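Each chain, letter by letter, is given below.
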Number of protein chains: 2
Amino acid sequence: MAIEVQAYRTLLAPPARATERESAVTGATIPRRANLISTMAHLHLRGAQSRSELVAGLNLSRSGIGSLIGELIDRGIAEDAGVDRQPSPGRPSLVVRLNARRAVAIAVEIGPGEVAVASVGLGGVLFDLVRQPMPDRAAVPEVVEAIRLLVEDQIDRLPPDATPVGVGVAVAGLVNNDGLLLHAPNLGWGHTDLRSVLRTALPSGLTVTVGNESTLATIGEYLRGSLRGVDNGLLISGNAGVGGGAVVNGRLLWGANGLAAEVGHMKVQPGGAACGCGGKGCWETVIGLPAILRASGLTDLPDGTDPIEALADGAAAGNAEVLAALDDAGRWVATGLGNLLNVLNPTRIVFGGRLGRLLPHLRTTVEEEMGRQALLGPLVECDIVEPHLGKDATLIGASEQVLWHVLTHPEDLLVDDAASA
Amino acid sequence: MAIEVQAYRTLLAPPARATERESAVTGATIPRRANLISTMAHLHLRGAQSRSELVAGLNLSRSGIGSLIGELIDRGIAEDAGVDRQPSPGRPSLVVRLNARRAVAIAVEIGPGEVAVASVGLGGVLFDLVRQPMPDRAAVPEVVEAIRLLVEDQIDRLPPDATPVGVGVAVAGLVNNDGLLLHAPNLGWGHTDLRSVLRTALPSGLTVTVGNESTLATIGEYLRGSLRGVDNGLLISGNAGVGGGAVVNGRLLWGANGLAAEVGHMKVQPGGAACGCGGKGCWETVIGLPAILRASGLTDLPDGTDPIEALADGAAAGNAEVLAALDDAGRWVATGLGNLLNVLNPTRIVFGGRLGRLLPHLRTTVEEEMGRQALLGPLVECDIVEPHLGKDATLIGASEQVLWHVLTHPEDLLVDDAASA
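As the structure is a computational prediction, the values presented were derived from the model and not from experiment.

The rules behind these values
Residues numbered from 1 in each chain as written. Chains lettered and ligands numbered in written order. Predicted model: local features only at pLDDT ≥ 70, side-chain atom pairs only at ≥ 80, totals over all residues. Heavy atoms only, no water. Least-squares fit on C-alpha atoms with pLDDT ≥ 70 in both. Contact = heavy atoms within 4.5 Å. Buried < 20%, exposed > 50% of the residue type's maximum accessible area, 1.4 Å probe, protein only. Helix = DSSP H or I, 4+ residues; strand = E, 2+ residues; numbered from the N terminus. Polar contact = N/O pair within 3.5 Å; in protein donor to acceptor, adjacent residues only side chain to side chain. pLDDT = per-residue confidence, 0-100. Pairing = 2+ DSSP bridges. Axes fitted to C-alpha atoms, helices over the stretch in contact; angles between N-to-C directions. Expected span 1.5 Å × (residues − 1). Arc of directions from axis to C-beta. Core = buried A, V, L, I, M, F, W, Y, C linked by side-chain atoms within 4.5 Å. Parallel < 35°, antiparallel > 145°, perpendicular 65-115°, else oblique. Nonpolar A, V, L, I, M, F, W, Y, C, P; charged D, E, K, R; others polar.

### Notes on the relation of the copies chain B and chain A
In this arrangement, two copies of a chain are superimposed by a rotation about an axis accompanied by a shift along the axis. Its rotation angle being 180°, the transformation that places chain B on chain A also includes 0.0 Å of axial translation and leaves an RMSD of 0.1 Å. Here the two chains are linked by the operation of a two-fold rotation axis. In terms of proximity to the rotation axis, the leading residue of chain B is V268(B), whose C-alpha is 2.6 Å off the axis. Comparing interface residues between copies, 100% of those in chain B also sit at the interface in chain A, which points to an isologous, same-surface contact.

### Notes on helix α10 (residues 289-296) of chain A
All names here are of chain A. Every buried residue of α10 is listed here: L289, A291, I292, L293 and S296. Buried residues along α10 sit against α9 (283-287), α11 (307-316) and α12 (320-344). Positive phi appears at G297, one or two residues downstream of α10, with a value of about 75°.

### Observations regarding the side chain of E221(B)
Residues and elements named next belong to chain B. Structurally, E221 is set in helix α8 (residues 213-224). Engagement of the side chain of E221 in a polar contact is seen with the backbone nitrogen of L389, the distance being 2.9 Å. Among residues more than four places away in sequence, those in contact with E221 are S226, L227, R228, L235, P387, H388, L389, G390 and A393.

### Observations concerning the confidence of the model for chain A
The predicted coordinates ought not to be read in detail in places where the model reports low pLDDT. Residues and elements named next belong to chain A. Residue-level pLDDT values for chain A average 89, and 89% of them are 70 or greater. Within chain A, the lowest mean pLDDT, 37, falls on helix α2 (residues 15-24), and the highest, 98, falls on strand β5 (residues 114-121). Here residues 14-29 is modelled with pLDDT under 50, and outside its nearest four sequence neighbours on either side it reaches 25 contacts, counting other chains as well. A low-confidence stretch, residues 416-421 stays under pLDDT 50, and its non-local contacts, those more than four residues away or across chains, total three contacts.

### A few points about the sheet that holds strand β3 (residues 94-98) of chain A
Residues and elements named next belong to chain A. If you trace the three strands from one edge of the open sheet to the other, you get β1-β3-β2, paired in antiparallel fashion. Here the strands that pair on one side only, and so sit at the sheet edges, are β1 (49-50) and β2 (78-83). In this sheet, β3 lies alongside β1 in antiparallel orientation, the contact comprising two bridges. The partner of S50 across the bridge, within β3, is V95. Where helix α3 (residues 31-46) meets the sheet, it contacts β1 and β3, and its direction lies at approximately 90° from that of β3.

### A few points about helix α6 (residues 140-156) of chain B
Residue and element names in this part refer to chain B. Here α6 is 17 residues long and its end C-alpha atoms lie 24 Å apart, about the 24 Å a rise of 1.5 Å per residue gives. Looking at α6, one finds that the buried residues are V140, V143, V144, A146, I147, L150, V151 and Q154. Angular distribution of buried residues about the axis of α6 spans 160°; they occupy a single face of the element. Exposed side of α6, more than 90 degrees from the buried face: P141 and D156 are the residues found there. Structurally, α6 contributes buried residues whose contacts are with β4 (104-111), β5 (114-121), β6 (125-133) and α7 (194-201).

### So, the nonpolar core
One finds I236(A), W283(A), I236(B) and W283(B) to be the most contacted residues of the largest nonpolar core, which totals 104 residues. Core analysis: the next-biggest nonpolar cluster, separate from the first, contains 32 residues, V140(B), V144(B), I147(B) and V210(B) among them.

### Brief notes about the packing of α3(A) against helix α14 (residues 393-408) of chain A
For any two helices packed against each other, the geometry comes down to the angle between their axes and how far apart the axes lie. Residues and elements named next belong to chain A. Relative orientation of the contacting elements α3 and α14 amounts to 150°, with a least axis distance of 9 Å. The pairing of α3 with α14 is recorded here as roughly antiparallel in orientation. In this structure, α3 contributes R33, I37, M40 and H44 to the contact, and α14 contributes E400, L403, L407 and T408. Looking at the contact of α3 with α14 residue by residue, the class counts come to four nonpolar, two polar and two charged.

### Some words on the packing of helix α8 (residues 213-224) of chain A against α14(A)
All names here are of chain A. Following both chains from N to C, one finds α8 and α14 inclined at 85°, their axes separated by 7 Å at the closest point. In terms of orientation, α8 lies roughly perpendicular with respect to α14. Here E213, L216, A217, I219, G220, E221, L223 and R224 of α8 come into contact with α14, specifically with A393, T394, I396, G397, A398, E400 and Q401. Grouping the constituent residues of the contact of α8 with α14 by class yields seven nonpolar, four polar and four charged.

In structure tokens form, the structure reads like this:
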């Protein structure tokens, strides 16, 4: 359990900052602060826990846990949640959970044709989630204005005693360690200091963090979904573009600049189709949604039709053109996944994004071809699964980046507490 | 510096065992043992150090360092090495270094057509290194017998007071976390429990570890070569086959089974040439030495000609066929490196193996094409360099895996000491 908490702390920090943050919480010089953080992180990731579970999970004494919980309850960070539902021999153990309202993250997702906003409190409690269609390739000011209204609306609808603490933004584009958006081909945006723009537009007092949508989806799935407990895992987010994220040695694969796991732009077909990135033959040109729709002859769908559902329906109905297109797509999916299997040797691949819906139709081809094409295919165990959090993985991950900061900097909670007292 | 030592400890441990080893050396319960390990690791990686440098580097008191050094000297693990050559104000600071003879690793490299053996003592001191040609695709017993003779010869030629402690074997094939060789296409070997075979054949009392040659070359370059201090780096080892290794977040990329970074088998040319792995269009089919030689028309070289030198000479002489082949190879190198740049976002790529010799002839094409082909090419800084340790990187890495075990298990040194006293 201590491992899980440590992984949580280090997972979210880009490498340049990890050392400072890790050393700030090792507890070598400030053990009580470190123990408070461990207790909060444990409750945050595991939900309500009895005191006995905390004693066992955190390897602290019963009186030590009692004192820590006492302080957290006094400060309004934790709250009693009744007694253990499965009493073990001896006296009943009181259950405690974090007070979700004490710190609420507003998560924002900016994708092609859609903006989504959610509010998520301590412990991962989802208060609300709204998705709103946007015009294709809407410009930055238009999207920022939509976000401003949605965020203010989310805040208005929070319980009266809830405290919004920050906005975590996920965007379908390249975001470096400094939170700068370098390029978002599928949004039609170039270099944008999205964090500054949003900081100005949004209510003051809220921190703003910006990250890549697939990176944040990976964080969501690692903490609360299909990658939980997976030390070497991979997430593919397939939509019009194809993004990815990876966990390596129990830590997120950030790369030196925070730009790692841009898997959609692996070249798999030399001299192939032109890609939005300016290259040719990128993986996303053969497995992205537009390519599959073209190959399926489904380019002229009636307004309001979900193209993914049209593909799934076509496959279920035995449409030969759709089946052939999915078979072809499955082989290309296997080529890219096989390369990544050889490079990263993960035990689990989460196949998400809107293409995840097609996994049941692709799975047989993908698994057969990976066994054939990838050197490691026949040698290792690696399952391919759908994201447990579905399309909300990105928003959950964006909220975690905000809540992680709060949990690892408890003085923020204490300062807020004093100021509002 | 503490970070470097910690990185050394965790770099070498496959993930399954990392946790146990890390917790065994955190020093939470056994600080003196942890301090002894830190001191030895520091001296091992940095060479001779003055007491003042140790005080600063290890963040310990002067008297604490004095006591640790005293114990190490008493036990024959460290030795005095005069006084600081650059005296700072105040009294001169005595210099200490590890006693290289106190623990000597025998490193073995098994490649196509060659076996190499070296002896390396604490502090990375190279005593001897011998390379011996072998028949192409020699069988396991023949190679093991050659290794036995070479290892015994190395041990015979060590200084009389030197203590060989283990044999670290690097092999050009897939080696999993359990040290099993799963497949070595370029040696013509299938599944082989090389460790058991060598343990039986070699002098008793020596531990035997087995690893992949490119993984071990990466360890060598990370600890003592071009990847030193690089938290996100990549090594390519190009020969007949193409292997790789990566450092991610300051730790080696092992993958779940220890099989990660099999970069030579990324598919870059669908339906391309057949590869030794059974697949088609693998990266090594287009950038491996045989492919470049074929394209250069250099397939019928006189006996004793080094093909790499023939290619370099041809390029220097302006041979059009060779230049065209290298240009083509450079573009393929860029395709694969570009994919890996997009996936791993390293700051440095070490281009080694025998193909490293061709880097001066490939560099311009590779860098131009990576800027064009790789999404991250124009966005990040990543240099491409030759391995600092040259073709010895693998042997150095193999020795480090043995010495690392000795340094992190100092009781082995103490037990040996008691037994021999």
